[in-house]
Amino acid sequence: MKQLPTTKLKDHNSFSVAANCQRLFVLEHLQDLAQLTQTPLHKPMMLGAGTNILFATDYPGDIILNRLQGRQIIDATDKHAYVRIQAGNNWHESVIWILEQGLSGIENLALIPGTVGAAPIQNIGAYGVELSDTLELVEAWDRKHMRAVMLKANDCQLSYRDSIFRQQADRFWILNITLKLSRKPRLRLGYSGLKQKLDSMGIANPLPGDVAAAVCSLRREKLPDPTLLPNVGSFFKNPIIDNTHLQQLLQNYPELPHWGQGDASSKISAAWLIEKCGYKGYRKGAAGISDQHALILVNHGSASGIDLWKLAKEIQNAVQLEFKLSLQAEPRIIHSS
Ligand code: EPU
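Residues numbered from 1 in each chain as written. Predicted model: local features only at pLDDT ≥ 70, side-chain atom pairs only at ≥ 80, totals over all residues. Heavy atoms only, no water.

**With respect to the environment of Ile74**
Note on placement: Ile74 falls in strand E6 (residues 71-76). Overall, Ile74 belongs to the partly exposed group, its relative accessible area being 38%. Between the C-alpha atoms of Ile74 and Gly285, which are 211 residues apart in sequence, the distance is 50 Å. In contact with Ile74, other than residues within four places in its own chain, are Tyr82, Arg84 and Thr178. (Helix = DSSP H or I, 4+ residues; strand = E, 2+ residues; numbered from the N terminus. Buried < 20%, exposed > 50% of the residue type's maximum accessible area, 1.4 Å probe, protein only. Contact = heavy atoms within 4.5 Å.)

**Brief notes about the nonpolar core**
Judged by nonpolar contacts, the single largest core of 52 residues is most densely connected at Phe55, Ile63, Phe235, Leu297 and Ile315. Ranked by residues supplied to this core, first place goes to helix H8 (residues 305-323) with eight residues. There are two domains that each give this core at least three residues, and those are domain 1 (2-66) and domain 3 (240-334). Beyond its immediate chain neighbours, meaning those up to four positions away, Ile63 contacts Leu9, Cys21, Arg23, Leu24, Phe25, Met45, Leu47 and Phe55. Core analysis: the next-biggest nonpolar cluster, separate from the first, contains 44 residues, Ala87, Leu103, Val138 and Cys216 among them. (Core = buried A, V, L, I, M, F, W, Y, C linked by side-chain atoms within 4.5 Å. Domains from an automatic or database assignment.)

**Looking at helix H2 (residues 91-100)**
The element H2 is extensively covered by neighbouring structure, given that seven of its 10 residues are classed as buried. Listed as buried for H2 are Trp91, His92, Ser94, Val95, Trp97, Ile98 and Leu99. Buried positions along H2 lie against E6, strand E7 (80-86), strand E12 (172-182) and helix H5 (208-222). Two or three places before His92, at the start of H2, stands the capping residue Asn90, its side-chain oxygen 3.0 Å from that residue's backbone nitrogen. Of the residues trailing H2, Gly102 is marked for its positive phi of about 80°. (Polar contact = N/O pair within 3.5 Å; in protein donor to acceptor, adjacent residues only side chain to side chain.)

**Comments concerning the site of the ligand**
Around the ligand, 24 residues are found, and the nearest of them are Tyr127, Tyr160, Arg161, Glu275 and His293. Arg219 places a side-chain nitrogen or oxygen 3.5 Å from an oxygen atom of the ligand. Between His293 and the ligand, the recorded distance is 2.7 Å, taken from a side-chain N or O atom to an oxygen atom. Within the residue set of the shell around the ligand, elements represented by two or more residues are strand E8 (125-126), H5, strand E13 (231-234) and helix H7 (270-276). In terms of residue count, the dominant contributor to the shell around the ligand is H7 (three residues). Per-class residue counts for the shell around the ligand are 11 nonpolar, six polar and seven charged. Counting the residues that make up the shell around the ligand, at least three belong to each of domain 2 (71-222) and domain 3 (240-334). (Near = heavy atom within 4 Å. Nonpolar A, V, L, I, M, F, W, Y, C, P; charged D, E, K, R; others polar.)

**Some words on the domain arrangement of the protein chain**
Assigned domains of the protein chain: these are domain 1 (2-66), domain 2 (71-222) and domain 3 (240-334). Taking only C-alpha atoms, the centre of domain 1 and the centre of domain 3 are 30 Å apart. Listed by partner, the interface residues are 12 residues for domain 1 and 14 residues for domain 3. For the pair domain 1 and domain 3, the two sides together bury roughly 1,100 Å², of which 61% comes from carbon and sulfur. Across the domain 1-domain 3 interface, the total number found is zero salt bridges. One can count six residue pairs in polar contact (both at pLDDT 80 or more) joining domain 1 with domain 3. Counting residues per element, the side of domain 1 that touches domain 3 draws most heavily on strand E4 (residues 53-55), which supplies three residues. (Buried area = accessible area lost by both parts, 1.4 Å probe. Salt bridge = Lys/Arg side-chain N within 4 Å of Asp/Glu carboxyl O.)

**Considerations on the packing of aromatic side chains**
Across all of its chains, the model carries eight aromatic pairs by this definition. Taking the centre distance of 6.2 Å and the plane angle of 50° together, the rings of Phe15 and Phe235 count as tilted. Residue Phe15 is located in the loop between strand E1 (2-3) and strand E2 (23-27), and its partner Phe235 is located in the loop between E13 and strand E14 (240-242); the two are separated by 220 residues in the primary sequence. Side by side, Phe15 and Phe235 carry an identical accessibility label, which is buried. A connected cluster of aromatic rings, assembled from ring pairs, spans Phe15, Phe235 and Phe236. (Phe/Tyr/Trp six-rings, centres within 6.5 Å; stacked < 30°, edge-to-face > 60°.)

**Examining unusual backbone geometry**
With a phi angle near 55°, Ser16 is a residue other than glycine that sits in the positive phi range. Among the structural elements, Ser16 can be located in the loop between E1 and E2. By relative accessible area, Ser16 is classed as partly exposed at 23%. The phi dihedral of Asn123 falls on the positive side, at around 45°, and the residue is not glycine. Asn123 gets classed as buried once you look at its relative accessible area, which sits at 0%.

So, in C-alpha cells, the structure goes:
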C-alpha cells in the first residue's frame, strides 16, 4: 500500500471535476490489505476508476484507489467455468479476456467504463443483461466486523442498479468477484436494436464476440465517450412505477417508452422524460446534457462538481413539475448536506 503525494481527484473521476480528499492511497497487492486495515483512516472510501461518482464537494476523508490485478479460471464443469477477477481490473478488458477464454455470459456488458470491483455496487446492466445474471461470489473486506467475507450473490441484495454495497456505502471493500460463465454460448439478443445491429453487420449466426462488437458499436453511436466528453454514463435511473400510474401517464403521453417488469410494475425511460422537458443538448456554462442521449450529464470542460449537481437538481425539478415523478440519481454523489 502506498500513499500518493497528492490529494487531487481530477484524474480519478470520469466527470473530470476538480476535488480533493484528505489522503490518497493505492492498494495494488492483496498482501498490503493487512497494513491498510491497521492504518488509522478517516472516513475511508474505496474507489475504482471513478466512473460512477460526482464530487459536488471535496471528499472529507481518505480515498483508497483499488488497483488489485489478476484473473483466473478457478473451476470448470462441462457447461460452466468459474472465473475470479480482482477488483482493480478494467471491466471491459476483463470482458474481452473472458471472450478469449471461450466463455460467454457478459458480452452484452462490453465497453461499460470502470473497474470490476465497481460492477456489483450498482449491479451494472446493459442490453438486456445485468451482472446479477452471472455473479456467483463477492469477496470483500467488511469494515463493520473487520474481517474478510465471501458474499454469495443471493446475499448481495442485487436489484436494478442497487446492492448491499450501495445501501451500506463504505462498509465493504470489494476485493474480487467470481462469475459463473457458460462454455456454450447462450446469447441474449432481445434488447431493442441489438439484433438489427448484428443484421446490419452482416452477421446471421453471431458468436459471443460478435455480440460484444455489436454492443460496442451501439454504445459508440449512442453514448458520449467519457475520455473525450467527461461523463458518468446514465445520471438517473429509469423510474419503476406501478402499472396503474403507467396507464394514467400513457393517456397524456402515449409514446412514453415503457417495459413491463413481469409484476404489476413497469420501467419507464428517464431519457424520454428529460428530452420531453427540453433538456437534451441543454447547456448551462460548462455543465450540460449530451445531445446524443438525454440521460447523460456532461462536463464541457470547466464545470465544477457543484455546477453539475445544480443542473441535475434543475432536471429533477423540471421532471417533477411536468410528470409528478421523482428521478433518482444513479451515481454516488459526494456533497456536504
Ligand atoms: N430515449 C429518448 N431520448 C434519448 C435517449 C433515449 O427518448 O435521448 C428513449 C428511446 O426511446 C429509447 C429509450 O429511451 O427507446 C431507451 O434508451 P436506451 O436504449 O439508450 O436505454 P436507457 O434506458 O436510456 C439504459 C441504461 C444504460 C444502458 C442502456 C442499454 C439505465 C439508467 N441506463 O439506458 O446504462 O447502456 O439502457 O441497455 O438503466 C449506465 O448505466 O451508465 C448506462 C449507460
